[in-house]
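Listed here are the chains, written in short residue letters.
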Amino acid sequence: MDRWQAMRIFVRVAETGSFAQTARILHMSAPAVTRSIAALEVLIGARLFVRTTRSVKLTEAGGRYLDDCRRILADMLEAEASAAGSYATPTGMLAITASLRFGQMHVLPIMTEYLDAYPSMSGRTFFVDRPVNIVEEGIDVAVRIGHLPDSGFTAIKVGSVRRVICGAPAYFEKHGIPSTPNDLKLHRVVASTSAWASPEWTFAGGQRVTINPTLQCNTNEASIATATAGWGVTRALNYQIGPELAAGELQIVLTEHEEPPLPIHILYPEGRHAPAKVRAFVDMAVSRLRANRLLN
């Protein structure tokens, strides 16, 4: 048995909670994954997983072994990469993810600058407005807006954004500026029904206002465009309306009622064992995003 490969398989099963998913990721057959785990359990003399028809869970011994395997595999990869020089020079393909509008506006320019700086690299972006499992999707680096759950990944804060209420100056001239969050019930509200949207809008001090929108749009872009046209008010993250604010096409209201800003983090799994391609991109992204006045 190739113990190194068996440990890789074990770690991936522990992370995905699925033999079948591990087989797809590693381009193996499901029986081969099962045999590898069984052989590893025989070798170490302990049960690593509790298997049912619906789930695969680590045993207590499996949890301890997982920590050791991650450390051993990381050390081996670092030694091999160091010998081959890949920790010194970025090579291969880099996959990054972010929310759709943030990715297009702020991450994509960093990616193209990165590819210009390292011609031997290629890149893949995955910009979507839904949670992405970094491990299952094969992502190297993620940019996340909001408070992070405890994942064990390395997270570097690069800025923050505000959730704001906005509308066109012409709209406010005609309909007046709301002075409290409850005043929004007297206005034409354009709401997004994207993956992150909620009918209950929160404000400072825990105040909550249930919105009955006049118009619902399935994308943030559509709701922002409608507000920019002067039809109503909407809620967005301040970076999303940066160009419209700069052009005077939108203005922010109820600033004194805004809830605390949301942090922006760069997230990646390998920590200090990250290969050069990841470390080089993270260094560049941290510098560029922290220098962006819209995000700080």
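Computed from a prediction, not measured in an experiment: that's the story for all the values here.

How each quantity is defined
Residues numbered from 1 in each chain as written. Predicted model: local features only at pLDDT ≥ 70, side-chain atom pairs only at ≥ 80, totals over all residues. Heavy atoms only, no water. Helix = DSSP H or I, 4+ residues; strand = E, 2+ residues; numbered from the N terminus. Buried < 20%, exposed > 50% of the residue type's maximum accessible area, 1.4 Å probe, protein only. Areas by Shrake-Rupley, 256 points an atom, 1.4 Å probe, with all protein chains shown as cover. Lys, Arg positive; Asp, Glu negative; His and termini not counted. Charge placed at Lys NZ, Arg CZ, Asp CG, Glu CD. Pairing = 2+ DSSP bridges. Axes fitted to C-alpha atoms, helices over the stretch in contact; angles between N-to-C directions. Contact = heavy atoms within 4.5 Å. Parallel < 35°, antiparallel > 145°, perpendicular 65-115°, else oblique. Left-handed = near helix turned anticlockwise from the far one by under 90°. Nonpolar A, V, L, I, M, F, W, Y, C, P; charged D, E, K, R; others polar. Expected span 1.5 Å × (residues − 1). Polar contact = N/O pair within 3.5 Å; in protein donor to acceptor, adjacent residues only side chain to side chain. Core = buried A, V, L, I, M, F, W, Y, C linked by side-chain atoms within 4.5 Å. pLDDT = per-residue confidence, 0-100.

Visitor: How should I be thinking about the overall build of the chain in this particular structure?
Guide: Each helix and strand counted, the chain has 10 helices and 14 strands in total. Sorting the 296 residues of the chain into buried and exposed places 43% on the buried side. A total of about 15000 Å² of accessible surface is found on the chain, and carbon and sulfur atoms cover 52% of it. Each charge class in the chain was averaged separately, 30 positive and 27 negative side chains, and the resulting centres sit 5 Å apart.

Visitor: When you look at the sheet that holds strand S6 (residues 154–161) in this model, what are you seeing that I'm missing?
Guide: The strands making up a sheet are joined through hydrogen bonds of the backbone, oriented either antiparallel or parallel. Pairing in this open sheet of five strands is mixed, and the strands run S4-S3-S5-S14-S6 from one edge to the other. Edge positions in the sheet fall to strand S4 (121–127) and S6, since each of these pairs with one other strand and no more. The average undirected angle you get between the axes of adjacent strands in this sheet is 20°. Relative to strand S14 (residues 262–268), strand S5 (residues 141–145) runs antiparallel, the two sharing four bridges. What sits directly across from Arg 144, in S14, is His 265. Across the sheet, helix H10 (residues 276–290) lies against strand S3 (92–98), S4, S5, S6 and S14, angled at about 20° from S6, the strand it touches most.

Visitor: What is the right way to read the sheet that holds strand S8 (residues 189–192) from this model?
Guide: Read across the open sheet, the five strands follow the order S11-S8-S12-S7-S13; overall the sheet is mixed. Looking at strand neighbours, the two that pair on one side only are strand S11 (215–217) and strand S13 (251–253), the edges of this open sheet. Averaged over all adjacent pairs, the angle separating strand axes in this sheet is 40°, with direction ignored. Taken together, the two bridges between S8 and strand S12 (residues 233–237) define a ladder with parallel strand orientation. Looking across to S12, one finds that Val 189 is bridged to Val 233. On the sheet, helix H8 (residues 220–228) packs against strand S7 (163–167), S8, S11 and S12 and is oriented at approximately 165° with respect to S8.

Visitor: Before we go on, may I ask you to explain the packing of helix H5 (residues 100–117) against H10 in this structure?
Guide: Pairs of packed helices are described in terms of their axes, by the angle between the two and the distance that separates them. Running from N to C, H5 and H10 point in directions that differ by 130°, and their axes come no closer than 10 Å. As judged from the angle between their axes, H5 and H10 are oblique. Read as a crossing pair, H5 and H10 show a hand that is right-handed. Seen from H5, the contacting residues are Phe 102, His 106, Val 107, Ile 110, Met 111, Glu 113, Tyr 114 and Ala 117; seen from H10, they are Lys 277, Ala 280, Phe 281, Met 284, Ala 285, Arg 288 and Leu 289. Residue composition of the contact of H5 with H10, grouped by class: 11 nonpolar, one polar and three charged.

Visitor: Mind showing me how you'd approach helix H1 (residues 3–16) here?
Guide: Each turn of an α-helix holds 3.6 residues, which means side chains three or four residues apart point in the same direction. Given a rise of 1.5 Å per residue, 14 residues ought to cover 20 Å, and the 20 Å separating the end C-alpha atoms of H1 matches this to within 8%. Within H1, the full set of buried residues consists of Ala 6, Met 7, Ile 9, Phe 10, Val 11, Val 13 and Thr 16. Backbone nitrogen of Trp 4 and a side-chain oxygen of the N-cap are separated by 3.1 Å at the start of H1; the cap is Asp 2. Two residues or fewer after H1 comes Gly 17, characterised by a positive phi angle close to 70°.

Visitor: I would appreciate a short explanation of the environment of Ala 23 in the present structure.
Guide: By secondary structure assignment, the location of Ala 23 is in helix H2 (residues 19–25). Residue class for Ala 23 comes out buried when judged on its relative accessible area of 4%. Taking C-alpha positions, Ala 23 is 22 Å from Arg 71, a pair spaced 48 residues apart along the chain. Excluding residues within four positions of it along the chain, Ala 23 makes contact with Met 28, Ser 29, Ala 30 and Val 33.

Visitor: Looking at this structure, how should I read the nonpolar core?
Guide: Soluble globular proteins tend to pack their nonpolar side chains together in the buried interior. Grouped together as the largest cluster of nonpolar side chains are 30 residues, with contacts concentrated most on Leu 94, Phe 102, Val 107, Tyr 114, Val 141, Ile 266 and Phe 281. Looking at this core, the elements that each hand over two or more residues are S3, H5, S4, S5, S6, S14 and H10. The element contributing the most residues to this core is H10, with eight residues. Membership of the second largest hydrophobic core comes to 19 residues, among which are Phe 10, Val 33, Ile 37 and Leu 48.

Visitor: What is the right way to look at the confidence of the model for the chain in this model?
Guide: Note: predicted coordinates in regions of low pLDDT should not be interpreted at a detailed level. The pLDDT averaged across the chain works out to 90; a share of 95% of its residues lies at or above 70. Taken element by element, the chain is modelled with least confidence in helix H4 (residues 60–84), mean pLDDT 81, and with most confidence in S13, mean pLDDT 98.

Visitor: Is there a simple way to explain helix H3 (residues 30–44) in this structure?
Guide: The end-to-end C-alpha separation of H3 is 22 Å, in line with the 21 Å expected for 15 residues at 1.5 Å each. Among all positions of H3, only Ala 32, Val 33, Ser 36, Ile 37, Leu 40 and Glu 41 are buried. At the C-terminal side of H3, Gly 45 shows a positive phi close to 75°.

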